[in-house]
Amino acid sequence: GESVGLHLPTLSVQEGDNSIINCAYSNSASDYFIWYKQESGKGPQFIIDIRSNMDKRQGQRVTVLLNKTVKHLSLQIAATQPGDSAVYFCAEKNTGRRALTFGSGTRLQVQP
Amino acid sequence: DAGITQSPRHKVTETGTPVTLRCHQTENHRYMYWYRQDPGHGLRLIHYSYGVKDTDKGEVSDGYSVSRSKTEDFLLTLESATSSQTSVYFCAISEEKNTGELFFGEGSRLTVL
């Protein structure tokens, strides 16, 4: 069945480096993808989204890349800061579903 | 921060007892959702609502019911709690139907003994 998952459960980076968090999806009908950040003890927070008619979208210090050929999504964080330490979730949606499907998450640890 | 309040934030209960979690929003958003979060599973949708008295099942709805009698309140009820329902429950709201931009509450941690 369709699924959304992540390659790496934990990613550790040095402060100031760039971070790349990956996500694979299996449903070729997915046409909308979202990244969320969840800090400890809090609810998830929307970061950025991208629709399937785009390959790349940039926000403030974040970039999302979508490769529909291999069904792969990535979140790039530039100049990673300690405040970026959190769990990051990708989520997907398609027009046939009324709600989002979330992946299981990747923990980002930023080392000072 | 979006005006979403979940209550209670923490609850410990015994197997077989009824439990109701409340989500209250002050944003007047039409769409509301209940998710549960468990290690290794991410967020899974329990039920959602597209308006007053308009609710539908998500992927893990068994053992749960919901009600929405007012725009601002979305209640999640466990009629007879089981240990498998020990989890962190998140309420979310959205302004649009086809958006992925959900605003989440702080979560309600439920422990069923």
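Anything mentioned here points back to the structure above.
Novice: Please give an account of the interface of chain B and chain A that cites residues and values.
Specialist: Facing the 21 residues of chain B at the interface are 18 residues of chain A. Interface area for chain B against chain A, summed over the two sides, is near 1600 Å², with a carbon-plus-sulfur share of 51%. Among the residues of chain B in contact with chain A, Leu 43, Gly 100 and Phe 104 of chain B are the three that bury the most area, contributing 26% of the side total. Run the count over chain B and chain A and you get zero salt bridges. At the surface where chain B touches chain A, the tally comes to two residue pairs in polar contact (both at pLDDT 80 or more). Elements supplying a minimum of two residues to the side of chain B that touches chain A: strand E4 (31-38) and strand E5 (42-51) of chain B. Per-element tally for the side of chain B that touches chain A: the top contributor is E5 of chain B, with five residues. Taken together, the residues of the side of chain B that touches chain A break down into eight nonpolar, eight polar and five charged.

Rules and cut-offs
- Residues numbered from 1 in each chain as written.
- Chains lettered and ligands numbered in written order.
- Predicted model: local features only at pLDDT ≥ 70, side-chain atom pairs only at ≥ 80, totals over all residues.
- Heavy atoms only, no water.
- Contact = heavy atoms within 4.5 Å.
- Buried area = accessible area lost by both parts, 1.4 Å probe.
- Salt bridge = Lys/Arg side-chain N within 4 Å of Asp/Glu carboxyl O.
- Polar contact = N/O pair within 3.5 Å; in protein donor to acceptor, adjacent residues only side chain to side chain.
- Helix = DSSP H or I, 4+ residues; strand = E, 2+ residues; numbered from the N terminus.
- Nonpolar A, V, L, I, M, F, W, Y, C, P; charged D, E, K, R; others polar.

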